[in-house]
Amino acid sequence: MDNRYYFLEKKDDVVTIAGQEAQHLSKVRRCKIGDEIVAFNGDGYDYHLKINAITKDRIECSVISRNLNNAM
């Protein structure tokens, strides 16, 4: 199973991952621009994302697809 990451901020089809989640993605997982990840925000869906930008404390992604999480 892929790792899933939590996000709070979504505007249109752009998701911003911040804080410890962003640090984990960039420092531990060593994700790069163009990588694809799975994230959630508690609304019952898993978001498949593509990383567009990485800064010191934020990662901006575009939504590729959104799938219902059957575990909820």
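What counts, and at which threshold
Residues numbered from 1 in each chain as written. Predicted model: local features only at pLDDT ≥ 70, side-chain atom pairs only at ≥ 80, totals over all residues. Heavy atoms only, no water. Helix = DSSP H or I, 4+ residues; strand = E, 2+ residues; numbered from the N terminus. Contact = heavy atoms within 4.5 Å. Core = buried A, V, L, I, M, F, W, Y, C linked by side-chain atoms within 4.5 Å. Buried < 20%, exposed > 50% of the residue type's maximum accessible area, 1.4 Å probe, protein only. Pairing = 2+ DSSP bridges. Salt bridge = Lys/Arg side-chain N within 4 Å of Asp/Glu carboxyl O. Phe/Tyr/Trp six-rings, centres within 6.5 Å; stacked < 30°, edge-to-face > 60°. Lys NZ or Arg CZ within 6 Å of the ring centre and 35° of its normal.

A few words now on the environment of Ala 53. In this fold, Ala 53 is placed in strand β5 (residues 45–54). On a C-alpha basis, the gap between Ala 53 and Asp 12 in space is 16 Å, while along the polypeptide they are 41 residues apart. With sequence-adjacent residues up to four places away left out, Ala 53 is seen in contact with Ile 33, Arg 58, Ile 59 and Glu 60.

Another point: the nonpolar core. By size, the foremost hydrophobic cluster in this structure holds 15 residues, and its most contacted members are Ile 17, Leu 25, Ile 37, Leu 49, Ile 59 and Cys 61. Looking at this core, the elements with two or more residues in it are β3 (14–18), α1 (19–28), β4 (36–40), β5 and β6 (58–68). Setting aside its immediate chain neighbours within four residues, Ile 37 contacts Ile 17, Leu 25, Cys 31, Tyr 47, His 48, Leu 49, Ile 51 and Cys 61.

Moving on to the pairing of β4. Relative to β4, strand β1 (residues 4–6) runs parallel, the two sharing three bridges. Along β4, the bridge assignment pairs Arg 4 with Val 38. Bridge analysis of β4 against β5 gives five bridges, and the strand direction is antiparallel. Its bridge partner lying in β5, Glu 36 is registered against Lys 50. Between β4 and the antiparallel strand that follows it, β5, lie four residues; Gly 42 among them carries a positive phi value of about 90°.

Another aspect to go through is the pattern of salt bridges. Side chains carrying opposite charge are able to pair once their charged atoms draw close together. Taken as a whole, this structure holds two salt bridges when the rule is applied. Note that Arg 4 and Asp 46 form a salt bridge whose closest N and O atoms lie 2.3 Å from each other. Of this pair, Arg 4 sits in strand β1 while Asp 46 sits in strand β5, and the two are 42 residues apart along the sequence.

A word on the packing of aromatic side chains. This model, assessed by the stated rule, comprises two aromatic pairs. Ring geometry for Tyr 6 against Phe 40: centres 5.4 Å apart, planes inclined by 65°, an arrangement best described as edge-to-face. One end of the pair, Tyr 6, is in strand β1; the other, Phe 40, is in strand β4, with 34 residues separating them in the sequence. The exposure class of Phe 40 is partly exposed, given its relative accessible area of 24%. Ring plane angle 80° and centroid distance 5.4 Å describe the contact between Phe 7 and Tyr 47, whose orientation is recorded as edge-to-face. Of this pair, Phe 7 sits in the loop between β1 and β2 (9–11) while Tyr 47 sits in strand β5; the two residues are 40 residues apart in sequence, bridging distant segments of the chain. The side chain of Arg 4 reaches across the aromatic face of Phe 40, ending 4.3 Å from its centre. Over the aromatic face of Tyr 45 sits the side chain of Arg 66, whose NZ or CZ is 3.8 Å from the ring centroid.

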